[in-house]
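Residue strings, one per chain:
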Amino acid sequence: MGADLRLVKAIRTGLAELADPVKAPEMRAYMKSDMAFRGVAKPERSGLLKRLLAEHILPDRVTYSATVLELWRGAEFREERYAAIDLSGYRTYRPWQDVELVSMYEEMIVGGAWWDYVDELAIRRIGPILRADRARVTPIMLRWAADRDLWRRRTAIICQVGAKEDTDTDLLTRAIEPAIGEAEFFLRKGIGWALRDYAKTAPDWVRSFVDDHPRLSGLSRREALKHLG
């Protein structure tokens, strides 16, 4: 089966009806986006999606993934891609969140290529799949950590944000180390964020990591130690 085009049309039509031509250019400028915005703020978008996704339950995972990708690939406005991400995480489809979806999320991460898409997908989609199936997903994250693509690398670094005691410190270390010498802001910031988050759970581990990696950038180091005094 293919995408549920009725749902896709309903989402696009709903976003068009909520469009604010005053907010749209402001949102586009803030996000430094090549893609246009409708000017729909998150609360309004969330309300629309909550209603439409409850009304249009997709029958199987093939239809689900096809519908997510139809929304994503055919998007003309950034909110349509946000809607694709919202659909991908809708509670009804949580049983389908497994390693088979990683390739779909990879397409969205690499094609989206900006933090607003990537961070949500890394932390709220890839992260839970990783924790549910470490044997199959950890090797993927290790490959991404060494990849040439910036956003695969950032995903590997930050995908365990929020994992707390479930953090795999070996994976965290091996995801960070290839990026330590990079000048790229989103890698340096991602390293600092991942370490700062884990410092809430294991402050001594983070202090030791920072001490053991003197080549960490000043940004990564400051972020990692931000709340450790």
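A few points on the structure. Going along each chain's sequence as written, the residues are numbered from 1 onward. A pLDDT threshold of at least 70 governs which residues receive local features in this predicted model, and a stricter bar of 80 or more applies before side-chain atom pairs are shown or counted, although totals over entire chains, interfaces and linings include all residues. Values shown for side chains rest on all heavy atoms present in the structure; no hydrogens or waters enter the calculation.

### Let's talk about the nonpolar core
Judged by nonpolar contacts, the single largest core of 75 residues is most densely connected at Ile11, Tyr64, Tyr105, Met108, Met141 and Ile157. Broken down by element, this core gets its largest block of residues, eight residues, from helix α7 (residues 115-132). Residues contacting Ile157, with those up to four places away along its chain left out, are Leu172, Ala175, Ile176, Ala179, Leu187, Gly190, Ile191 and Ala194. Take the buried Ala, Val, Leu, Ile, Met, Phe, Trp, Tyr and Cys residues and link them wherever side-chain atoms come within 4.5 Å; each set so joined is a nonpolar core. In this scheme, a residue with accessible area under 20% of its type's maximum is buried, one over 50% is exposed, and one in between is partly exposed, where area comes from a 1.4 Å probe on protein chains only. Each helix corresponds to a stretch of at least 4 residues labelled H or I by DSSP, and each strand to a stretch of at least 2 residues labelled E; elements are numbered beginning at the N terminus. Any two residues whose heavy atoms approach within 4.5 Å are treated as being in contact.

### A word on the packing of aromatic side chains
Ring pairs shown here join Phe, Tyr and Trp side chains whose ring centres sit within 6.5 Å, with only the six-membered ring taken for Trp; geometry is labelled stacked below 30 degrees between planes, edge-to-face above 60, and tilted in between. In the structure shown here, the tally under the stated rule is 13 aromatic pairs. The interplanar angle of 50 degrees and the centroid separation of 5.1 Å between the aromatic rings of Trp151 and Phe186 together place this pair among those described as tilted. Pair noted here: Trp151 is in helix α9 (residues 150-158) and Phe186 is in helix α11 (residues 185-199), with a separation of 35 residues, a long-range link. Judged by centre distance (5.3 Å) and plane angle (25 degrees), the rings of Trp205 and Phe209 are stacked.

### Overview of the side chain of Arg125
Take Arg125: it is sitting in helix α7. Only four residue types enter the charge count: Lys and Arg as positive, Asp and Glu as negative, with His and the chain ends excluded. Between Lys or Arg on one side and Asp or Glu on the other, a salt bridge is scored when a side-chain nitrogen of the former is within 4 Å of a carboxyl oxygen of the latter. It is Glu120 that comes nearest to the buried, bridge-free Arg125 among opposite-charge side chains, at 4.1 Å. Any N or O atom pair separated by 3.5 Å or less is treated as a polar contact, with the protein-specific requirement of one donor-capable and one acceptor-capable atom, and with residues adjacent in sequence counted only for side-chain atom pairs. Among the polar contacts made by the side chain of Arg125, one reaches the side chain of Ser88 at a distance of 2.8 Å. Contact partners of Arg125, with chain neighbours within four places excluded, come to Ile85, Asp86, Ser88, Gly89, Gln97, Tyr105 and Glu120.

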